[in-house]
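Overview (structure and organization)
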Amino acid sequence: MNAPERLPALDPAALGAFAADAWRERIIPELQHYIAIPAKSPMFDRDWHANGHIETVLRRAADWVTSRKVPGLTLEIVRLNDDQGKPRTPVLFFEIPATRAGSTQTVLMYGHLDKQPEFTGWRSDLGPWTPKIDDGKLYGRGGADDGYAVYASVSA
């Protein structure tokens, strides 16, 4: 873990302002780009590899992570094939070492960048691949189904 044995007193207002600024300035704009890309799960897009949408969201996420310049962060894109030699969806793996010497504890945060299909039932002014903020809420496919995970994890 990176936290000391005793945490210094935290200023809840300052922490809240930091989180609000991070979401407004850095995370929501990236999620809007993410929503606009139909990066459907291979279960729903048999040509996912050729279509390149998962690769696009993966690259954007990787670029965003490295742009945050977190001290000690290493990033790797892991690419594997299945038993038939066909590409599996890539994994964006990043690691930040503990700042406490000798720490052996680990925190794992997980998310995914592929999406469920668009389905039907969207309001007439909304669409699955058209990000829209309405009454402070961001609408679009994938934004609430883990698309935010990489951004929230690194910001945390």
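So, here's what we can say about the structure. (Residues numbered from 1 in each chain as written. Predicted model: local features only at pLDDT ≥ 70, side-chain atom pairs only at ≥ 80, totals over all residues. Heavy atoms only, no water.)

Before going further, it helps to examine the packing of aromatic side chains. What the rule picks out here adds up to one aromatic pair. Between Trp64 and Tyr151 the ring centres are 4.9 Å apart and the planes differ by 80 degrees, which places this aromatic pair in the edge-to-face class. Separated by 87 residues along the polypeptide, Trp64 in helix α3 (residues 53-67) and Tyr151 in helix α4 (residues 149-155) bring together distant segments of the chain. Considered together, Trp64 and Tyr151 belong to a single accessibility category, that of buried residues. The ring of Tyr34 carries Lys115 above its face, with NZ or CZ at 4.2 Å from the centroid. One residue, Arg123, lies across the ring of Tyr139, its end atom 5.5 Å from the ring centre. (Phe/Tyr/Trp six-rings, centres within 6.5 Å; stacked < 30°, edge-to-face > 60°. Helix = DSSP H or I, 4+ residues; strand = E, 2+ residues; numbered from the N terminus. Buried < 20%, exposed > 50% of the residue type's maximum accessible area, 1.4 Å probe, protein only. Lys NZ or Arg CZ within 6 Å of the ring centre and 35° of its normal.)

This part is about the side chain of Ser41. Among the structural elements, Ser41 can be located in the loop between α1 (12-35) and α2 (48-51). Other than its neighbours up to four places away in sequence, Ser41 contacts Asp114 and Lys115. (Contact = heavy atoms within 4.5 Å.)

We now examine the pattern of salt bridges. One pass over the full model with this rule turns up twelve salt bridges. Across the pair Glu118 and Lys40 runs a salt bridge, and its minimum N-O distance is 3.2 Å. Of this pair, Glu118 sits in the loop between β2 (91-95) and β3 (132-134) while Lys40 sits in the loop between α1 and α2, and the two are 78 residues apart along the sequence. Look at Glu118 and you get partly exposed, because its relative accessible area is 27%. Using a relative accessible area of 18% as the deciding quantity, one classes Lys40 as buried. Put simply, Glu55 and Arg79 hold a salt bridge, and the shortest N to O gap is 2.9 Å. (Salt bridge = Lys/Arg side-chain N within 4 Å of Asp/Glu carboxyl O.)

Quantified by volume, the largest pocket comes out at close to 1400 Å³. Looking at the largest pocket, it is lined by 40 residues, and the ones nearest its centre are Phe94, Val107, Leu108, Met109 and Ser153. Within the residue set of the lining of the largest pocket, elements represented by two or more residues are α1, α3, β2 and α4. A breakdown of the residues in the lining of the largest pocket according to their chemical character gives 25 nonpolar, ten polar and five charged. (1 Å grid on protein atoms, 1.4 Å probe; cavity = no way out; pocket = protein on both sides within 12 Å on 5 of 7 lines; lining within 4 Å. Points joined across faces, edges and corners; volume = space filled by probe spheres on them. Nonpolar A, V, L, I, M, F, W, Y, C, P; charged D, E, K, R; others polar.)

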